Amino acid sequence: MDFYSVIERLSSAVWGKGLVFLLLATGVFFTVKLGFPQFTFIPKLIKLSETQKSSASSGLSQFRTVCLSLGTAMGTGNITGVATALAVGGPGTVFWMWVSAFFGMAVVYCENYLALKYKTSSCTGPMAYLKYGVGSDFLAVFFAFFCICASCGMGGFIQVNSFSESLSECVSIPPVLLFILSALLIYPVICGGANRIGSAVHILLPIVTVSFFLACLAVLFTFRSKIPSAFREIIRCAFSSDSAVGGISGFAVSKAVSIGIRRGVFSNEAGLGSSPLLHCASENSSPQLQGLWSIFEVFFDTIVCCTLTALVLIVSSQNNVYSVNYAFSHVLGASTDVFLALSLGVFAFCTVIGWFYCGQMAFSFVFRKISPKVFCPVFVLVASLGAVLDPSVVWPLADIFNGFMAFSNLAGLLLLANKIHRE
């Protein structure tokens with residue numbers, strides 16, 4: 001048995017029914033415990049944002065924090081990953097993405113609440129509540145180690161690889177040149193720390209998101225007569241075995257595209273532990289406020305963005321073939337490839353620099369005696385290699401890293417369930 005087969009089997013074992021069930025069960029548990037915050041988070045968010053305006057400390061502005069967190073979640077999987085999930089599980093996949101995201105909102109609230117509650121100057125994110133809340137240095141280091149690996153793999157290498165493949169459809173660029181360009185684009189931003197990363201994302205993300213939304217709406221308007229039937233098809237197919245498995249796996253596995261069903265969409269990172277690492281950088285240290293903003297991010301990323309993409313693909317599909325390029329060609333014509341390459345490029349770039357921040361925080365926690373600046377060139381090298389190397393082995397490795405992050409993070413949340421209050 002070769003190395004790739006071993007990694008594939010391990011990845012399948014990690015992301016088997018156990019972890020998917022644990023994610024959903026944890027979401028159901030906290031949804032009930034918190035009194036269904038999914039239905040009340042918007043008015044609470046507005047009210048708390050007003051009362052917390054004067055309590056800011058140093059750190060990123062709230063808007064930059066939200067953009068950074070959204071940018072990390074809204075990678076290439078929001079476009080190509082949705083198409084893959086539909087191809088594997090059919091239209092019913094979308095329904096199960098909604099279900100998974102709904103319960104994920106409660107999980108991501110708890111992550112951020114606990115992270116801000118236990119945050120110290122030298123320990124943030126899940127490491128803080130695993131170390132000081134649970135009292136387990138082992139779980140904290142375990143999570144941080146796999147967070148470092150995930151940031152380089154799923155957050156760096158795979159994103160650059162996905163963009164490179166999309167760009168190759170528009171223009172022929174030597175892989176070595178793409179490697180150099182990727183490094184030159186990523187390094188100046190990430191070496192500037194949280195403020196520079198936040199500034200880059202809060203400028204780029206709104207522009208490309210609005211452009212992508214407008215393109216989606218244009219396609220939906222073109223096929224407006226098929227929209228009602230698309231929703232009927234989603235509901236009709238939702239409870240077939242293939243769609244249910246495909247939809248749940250598409251949510252739970254990875255934001256990146258992975259082999260088979262594991263190349264579906266990880267539409268947001270609820271339960272993974274990346275969100276609290278980013279929200280701990282906010283100038284506002286209110287656990288409730290950051291928790292509510294994280295609920296909004298899950299809602300926006302999955303319920304809004306991924307649903308738009310899915311509807312565009314369903315209404316424009318022919319013989320159940322879901323093609324992103326074909327869908328947008330109806331409104332963009334010959335400019336489709338360029339538009340998609342630019343959109344994927346910005347989404348991938350935002351994900352890369354956001355995941356770098358997560359990885360650097362984890363690196364600082366594990367290797368306290370080593371300067372965190374050492375992580376920067378290492379990350380740039382690994383991420384840029386996505387432009388020149390075959391990603392076939394990295395996909396299952398990235399899934400394994402994500403899975404181990406989720407296991408340790410969910411264990412911490414459940415052990416600290418009684419510490420999560422309904423303020």
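Just above, that's the structure.
In this text, all values refer to a predicted model and were calculated from it rather than measured experimentally. (Residues numbered from 1 in each chain as written. Predicted model: local features only at pLDDT ≥ 70, side-chain atom pairs only at ≥ 80, totals over all residues. Heavy atoms only, no water.)

Participant: With reference to specific residues and values, describe the state of the cysteines.
Facilitator: What is meant by a disulfide is a covalent connection between two cysteines, made through their sulfur atoms. This model, assessed by the stated rule, comprises 0 disulfides. Free cysteine Cys152: the closest other cysteine sulfur is in Cys149, separated by 7.3 Å. In this model Cys216 remains outside any disulfide bridge; the closest cysteine sulfur is found in Cys305, 8.6 Å from its own. (Disulfide = S-S within 2.5 Å.)

Participant: Run through the nonpolar core, naming residues and quoting values.
Facilitator: By size, the foremost hydrophobic cluster in this structure holds 132 residues, and its most contacted members are Ile186, Phe328 and Phe379. Per element, the largest residue contribution to this core is 17 residues, and it comes from helix α16 (residues 336-366). Other than its neighbours up to four places away in sequence, Ile186 contacts Val160, Phe349, Val352, Phe379, Val380 and Ala383. (Core = buried A, V, L, I, M, F, W, Y, C linked by side-chain atoms within 4.5 Å. Buried < 20%, exposed > 50% of the residue type's maximum accessible area, 1.4 Å probe, protein only. Helix = DSSP H or I, 4+ residues; strand = E, 2+ residues; numbered from the N terminus. Contact = heavy atoms within 4.5 Å.)

Participant: Please give an account of the environment of Leu114 that cites residues and values.
Facilitator: Counting through the fold element by element, Leu114 comes out in helix α6 (residues 92-118). Considered as a pair, Leu114 and Lys419 are 305 residues apart in the sequence and their alpha carbons are 8.0 Å apart. Residue contacts for Leu114: discarding those within four places in its chain leaves Tyr129, Leu413, Leu416, Lys419 and Ile420.

Participant: Could you give an account of the packing of α6 against helix α7 (residues 125-133), with specific residues and numbers?
Facilitator: Relative placement of two packed helices is described by the angle separating their axes and the distance separating the axes. Two elements in contact, α6 and α7, have axes separated by 8 Å at closest approach and are oriented at 65°. As far as their axial angle goes, α7 and α6 are roughly perpendicular. Like other packed secondary-structure pairs, α6 and α7 cross with a definite hand, here left-handed. Mapping the contact onto sequence places Glu111, Leu114, Ala115 and Tyr118 in α6 and Gly125, Ala128, Tyr129, Tyr132 and Gly133 in α7. Residues that form the contact of α6 with α7 fall into these classes: 6 nonpolar, 2 polar and 1 charged. (Axes fitted to C-alpha atoms, helices over the stretch in contact; angles between N-to-C directions. Parallel < 35°, antiparallel > 145°, perpendicular 65-115°, else oblique. Left-handed = near helix turned anticlockwise from the far one by under 90°. Nonpolar A, V, L, I, M, F, W, Y, C, P; charged D, E, K, R; others polar.)

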